[in-house]
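# Structural overview for review
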Amino acid sequence: MRSTTLEAAASTGSNPQQALPTLERGPNTTLVQMSTNPVHGSLRKNRYQLSPCPVCDGREGIEIADRSAFQREMEHVWSFHSKRFRHPVPPMYLTDRVVFSQPSPVRLMRCVECTHLYRSPRESPDTVRRTYSESPVSESLYALLFENQRRAYGAQARRLRSFAKGVRRGLEVGSYMGGFLAAARDEGMSFTGIDVNESAAEFGARQGLHIATCSLDDLPYSEKVDAVAIWNTFEQLPDVRSAALVCRRLLRDGGVLVVRVPNGSFYARWRRRLDGPLAPWAERILVHNNLLGFPYREGFTPRSMHRLFASAGFSVRRVHGDTLVPISDRWTKQGAALDEWLTKKIQRITQRRWRAPWVEVYARAQ
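All of these numbers come straight from a predicted model, not from anything done at the bench. (Residues numbered from 1 in each chain as written. Predicted model: local features only at pLDDT ≥ 70, side-chain atom pairs only at ≥ 80, totals over all residues. Heavy atoms only, no water.)

This paragraph deals with the packing of aromatic side chains. The geometry of an aromatic ring pair is captured by two quantities: the separation of the ring centres and the angle between the planes. Counting across every chain of the model gives 12 aromatic pairs. Judged by centre distance (5.9 Å) and plane angle (80°), the ring pair of Y153 and F180 falls under edge-to-face. With a gap of 27 residues between them, Y153 in helix α3 (residues 139–163) and F180 in helix α4 (residues 179–186) connect regions that are remote in the sequence. These aromatic residues form a ring-pair network of at least three members: Y153, F180, F191 and W231. Between R84 and the ring centre of F80, over which it is positioned, the NZ or CZ distance is 3.5 Å. The ring centre of W270 lies 4.3 Å from the NZ or CZ of R273, which sits over that ring. (Phe/Tyr/Trp six-rings, centres within 6.5 Å; stacked < 30°, edge-to-face > 60°. Helix = DSSP H or I, 4+ residues; strand = E, 2+ residues; numbered from the N terminus. Lys NZ or Arg CZ within 6 Å of the ring centre and 35° of its normal.)

Looking now at the environment of K83. Assignment of secondary structure puts K83 in the loop between α1 (67–82) and β5 (107–111). Look at K83 and you get exposed, because its relative accessible area is 57%. Placed 250 residues apart in sequence, K83 and K333 show a C-alpha to C-alpha distance of 8.8 Å. (Buried < 20%, exposed > 50% of the residue type's maximum accessible area, 1.4 Å probe, protein only.)

The next point concerns the sheet that holds β5. Spatial ordering of the open sheet is given by β4-β5-β6-β13, a layout of 4 strands whose pairing is antiparallel. Every interior strand has two partners, whereas the edge strands, β4 (61–66) and β13 (298–299), have only one. Docked against the sheet, helix α7 (residues 264–271) engages β4, β5, β6 (117–119) and β13, running at close to 90° with respect to β6. (Pairing = 2+ DSSP bridges. Contact = heavy atoms within 4.5 Å. Axes fitted to C-alpha atoms, helices over the stretch in contact; angles between N-to-C directions.)

Bringing a nonpolar patch on the surface into the picture now. On the surface, a cluster of nonpolar side chains totalling about 410 Å² of accessible area is made up of L338, W341, L342 and I346. Inspection of the secondary structure assignment puts L338 in helix α10 (residues 334–350). (Patch = residues over 30% accessible without salt bridge, like charges linked within 9 Å, V, L, I, M, F, W, Y side chains within 5 Å. Areas by Shrake-Rupley, 256 points an atom, 1.4 Å probe, with all protein chains shown as cover. Salt bridge = Lys/Arg side-chain N within 4 Å of Asp/Glu carboxyl O.)

Functional significance is not addressed by these values, which are geometric in nature.
Have a look at this one:
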């Protein structure tokens, strides 16, 4: 998952909800939210649209959590991490821990028909594209992220080769600065990438990687590829149904689509335990996996993932359960880093496939 950089000094334990924006009713049933631009420090409008289920178009949903519930969850996130940081923490190191590209939902719904978790209202497609295109960071931070992601993506590249030994040419959607592209190259696969963030793509080019600055919808169709990989990005795309159909057109028959997404059913199951005897463990595993506050547009379940892929011409063949990559760094206290390592070690042993907080879904084009 990619996140924008917070330019406010938020490492002093201040409450991130003190300056929450307000919602106003805009024309044509579009909700307009004023928010602070984390890149330029100015106010911008985030537009929200009331939405049916993005997977099955179902109109009947059950509310999982509302805005006040997500405010409380984010307060838990800040409290949890503030006890584990070595203060003062440079703001750039708060990303993907207490600061995310996507704000917490205004309301999270579960579709009655396919069980998918989705935001309603949800950010407009233009708002989503702008969020990810307006997140430049320093060259030194790009370099650090690149090496960390290259090492982490080595496991994904090896799992992809194990699943489909015939993969030679592929496309990655949401490459950012190219960590997976480099890992795939190390494994003998030739992948190109696309990303809407121009500065990240330019950094990748300086590493000898090919990353086009465009969205999946804007990608011109050319020669078909063996595989399309979408790691930690599929759930943030403006339209997952359209994205799945585009991926099918890009793939040869029998080609592979692999996505890595947060497990919506895991989040829904464990958030219910935040007020019970398992609350300390529930908070720990949700925060360590960046699920508390749910900063994602979609929360897939086994039923909604199978339905989406089947409708786009794919057959799910393998599901690999996993945890979030380690997020501890030199600003994390030693005991806190050990706590994260041990928590995720236990999860990887006891929570497999759709019981895990994150899942990689491997599907074949039919």
